Amino acid sequence: AAKAAGRRTYRFFEPDMEEEVRARRDLEMDLRRALVDGGFEVYYQPCLSLQTNAITGCEALVRWRHPQRGMISPAEFVPLAEDTGLINQLGEWVLTTACKEAATWPGPVRLAVNVSPIQFRSGTLALKVMAALAASGLAASRLELEITEAVLIRDDEAALAVLHDLRAIGVRIALDDFGTGYSSLSYLQRFPFDKIKIDRCFITDIAEPEGSSCIVEAVVNIAAERHMTTTAEGVETEPQRDLLRELGCSEMQGYLFSAPKPAAEIRPMLLADRQGPEVAPSRPRKRKPV
Ligand code: C2E
Ligand code: MG
Ligand code: MG
Ligand code: MG
């Protein structure tokens, strides 16, 4: 019955396809204009060590302030930017802007930037990364690029070559949304990522009976064996955090600690964190004895 209704609904909307195409074209034009007029903003979401609670880095997440429609989520416009090729320009802007911002943060805090498969296959990603680092003065070791499994699905050799080029620059590589692709585990065999970001879908029910804690535990163990760290995405509750810590997950990101925020709100948070009693795992030896 639901199927029949679905089919009827589809028929019903068919004459409006033209309108849909027009709406898409309008949005594409708005997107082009926003790239010229500065309609985008970069928000940052902190990532915390589960061992020390210190902020270890922030992920850059792009936002679009649409003049009529208000804030539009990247989940809506990134696919359009990818289809139209505009993602190359948008991605370069995010990378440059975020590197400049991160260069003002306290030393050890890292910056993570999402890279679209389109950018990844553009042939110029490594050059753009080097340019952004040079323009900002940010150390390569403080930049982490987040890629998804989609970049590895085809063109295996070419994709591996890009990963090795990026590695040669000295940036870190994280595998984003881990577990949502169709052969996730096989990718870990082919390239030594620095970090695995465990997708939010496994974190949501991690603390439930019959939830995903076994899967998360397995991923954490595989990662450790291959010298990769793990970040849990979308941590919203204390039980989730406590369990992740127990399972040996390295880092967490999520609304429990902070949603993505504008640069002006993030910087003081990072400075305060550095002055606090907790220090990142790599730092204690440098501290003066008290
Ligand atoms: P992602 O890279 O996996 O980013 C995580 C998403 O989860 C972000 O959504 C973030 O705001 C959201 N999130 C973080 N903590 C929580 C939580 O505790 N609960 C829930 N429910 N959500 C949480 P956002 O900012 O809407 O971005 C969505 C996606 O858009 C990103 O997923 C990424 O794939 C893409 N994106 C964002 N910025 C960029 C960019 O500059 N370039 C590219 N290529 N893609 C981007
Ligand atoms: Mg990401
Ligand atoms: Mg993700
Ligand atoms: Mg995601």
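As recorded in an unreviewed UniProt entry, the protein chain goes by the name Diguanylate cyclase, listed as coming from Bradyrhizobium icense.

Q: Sorry if this is basic, but what is going on with the coordination of the magnesium ion (ligand 3) here?
A: Four donors placed tetrahedrally around a metal ideally meet at 109.5 degrees, and six donors placed octahedrally ideally meet at 90 or 180 degrees. Every protein donor of the magnesium ion (ligand 3) is listed here as Asp176 (OD), Asp177 (OD), Glu233 (OE) and Glu233 (OE), and their distances to the metal cover 1.9 to 2.7 Å. Going along the chain, you hit the donors of the magnesium ion (ligand 3) in the pattern D-D-x55-E. Here the magnesium ion (ligand 2) and the magnesium ion (ligand 3) are spaced 3.9 Å from one another, each receiving a donor from Asp176. On the criterion of sequence distance, the pair formed by Asp177 in strand β6 (residues 172-178) and Glu233 in the loop between β8 (229-232) and α12 (238-247) is long-range, its members being 56 residues apart. Residue classification places Asp177 among the partly exposed positions, given a relative accessible area of 26%.

Q: When you look at the site of ligand 1 in this model, what are you seeing that I'm missing?
A: Near ligand 1 lie 21 residues; those nearest to it are Arg63, Asn114, Asp176, Glu236 and Tyr255. Contact between ligand 1 and Arg200: a nitrogen atom at 3.2 Å from a side-chain N or O atom of the residue. A distance of 3.2 Å is found between an oxygen atom of ligand 1 and a side-chain nitrogen or oxygen belonging to Glu233. Relative to its unbound accessible surface of 810 Å², ligand 1 loses 82% to contact with the protein. Elements with a contribution of two residues or more to the shell around ligand 1: β2 (55-66) and β6. With 4 residues, the single largest contributor to the shell around ligand 1 is β2. Partitioned by chemical class, the residues of the shell around ligand 1 number 7 nonpolar, 6 polar and 8 charged.

Q: What exactly am I supposed to notice about the pattern of salt bridges here?
A: One pass over the full model with this rule turns up 17 salt bridges. Across the pair Glu251 and Lys195 runs a salt bridge whose closest N-O atoms are separated by 3.0 Å. Note that Glu251 is positioned in strand β9 (residues 251-252) and Lys195 in strand β7 (residues 195-198), a separation of 56 residues in sequence. For the pair shown, Glu251 and Lys195 are each scored as buried. Between Arg241 and Asp242 there is a salt bridge, and its shortest N-O distance comes to 3.1 Å. Residue classification places Arg241 among the partly exposed positions, given a relative accessible area of 22%.

About the cut-offs
- Residues numbered from 1 in each chain as written.
- Chains lettered and ligands numbered in written order.
- Predicted model: local features only at pLDDT ≥ 70, side-chain atom pairs only at ≥ 80, totals over all residues.
- Heavy atoms only, no water.
- Donors = N, O, S within 2.8 Å, 3.2 Å for Na, K, Ca; no water.
- Helix = DSSP H or I, 4+ residues; strand = E, 2+ residues; numbered from the N terminus.
- Buried < 20%, exposed > 50% of the residue type's maximum accessible area, 1.4 Å probe, protein only.
- Near = heavy atom within 4 Å.
- Polar contact = N/O pair within 3.5 Å; in protein donor to acceptor, adjacent residues only side chain to side chain.
- Areas by Shrake-Rupley, 256 points an atom, 1.4 Å probe, with all protein chains shown as cover.
- Nonpolar A, V, L, I, M, F, W, Y, C, P; charged D, E, K, R; others polar.
- Salt bridge = Lys/Arg side-chain N within 4 Å of Asp/Glu carboxyl O.

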